[in-house]
Amino acid sequence: MNFSALLFQILIKLLTEMTPTLREALCQLLEELKKKAEETESPIDDLVVMFLSGLLMCATEKKKK
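Residues numbered from 1 in each chain as written. Predicted model: local features only at pLDDT ≥ 70, side-chain atom pairs only at ≥ 80, totals over all residues. Heavy atoms only, no water.

It is worth spelling out the pattern of salt bridges at this point. In the structure shown here, the tally under the stated rule is one salt bridge. Between Glu-17 and Lys-13 there is a salt bridge whose closest N-O contact spans 3.3 Å. Taken as a pair, Glu-17 and Lys-13 lie in helix H1 (residues 3-17) at a separation of four residues, close to a single helical turn. Accessibility assignment for this pair places Glu-17 and Lys-13 in one class, exposed. (Salt bridge = Lys/Arg side-chain N within 4 Å of Asp/Glu carboxyl O. Helix = DSSP H or I, 4+ residues; strand = E, 2+ residues; numbered from the N terminus. Buried < 20%, exposed > 50% of the residue type's maximum accessible area, 1.4 Å probe, protein only.)

This part takes up a nonpolar patch on the surface. On the surface, Phe-8, Leu-11, Ile-12, Ile-44, Leu-47, Val-48, Met-50, Phe-51 and Leu-52 cluster together into a nonpolar patch covering about 820 Å² of accessible area. By relative accessible area, Phe-8 is classed as partly exposed at 42%. (Patch = residues over 30% accessible without salt bridge, like charges linked within 9 Å, V, L, I, M, F, W, Y side chains within 5 Å. Areas by Shrake-Rupley, 256 points an atom, 1.4 Å probe, with all protein chains shown as cover.)

Now for the state of the cysteines. Each disulfide consists of a covalent bond between the sulfur atoms of two cysteine residues. The final tally for this structure, using the stated rule, is one disulfide. Linked covalently through their sulfurs, Cys-27 and Cys-58 form a disulfide whose S-S length is 2.1 Å. Disulfide Cys-27-Cys-58: the torsion about the S-S bond is -90 degrees, which places it as left-handed. Taken as a pair, Cys-27 in helix H2 (residues 20-39) and Cys-58 in helix H4 (residues 58-64) lie far apart in primary sequence, 31 residues in all. We classify Cys-58 as buried; its relative accessible area is 8%. (Disulfide = S-S within 2.5 Å.)

Our focus in this paragraph is H1. Taking 1.5 Å as the rise per residue, H1 with 15 residues should run 21 Å; its terminal C-alpha atoms sit 21 Å apart, in good agreement. Among the residues of H1, the N-terminal cap falls to Asn-2, whose side-chain oxygen and the backbone nitrogen of Ser-4 are separated by 3.2 Å. (Expected span 1.5 Å × (residues − 1). Polar contact = N/O pair within 3.5 Å; in protein donor to acceptor, adjacent residues only side chain to side chain.)

This is the structure in structure tokens:
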């Protein structure tokens, strides 16, 4: 296994084990970043925010409330 794959596995494990309090705070931060990303010309900014939101399952967290 290469180093990148190992880091990705560790990241996924950490994201799945974090507390709901921290997940909610990160999702709120990503909502703010989404607004800023929409103001830029770079579509990469939008993709980064979408990717991170997906990893954290932020849309799922919103539906639970």
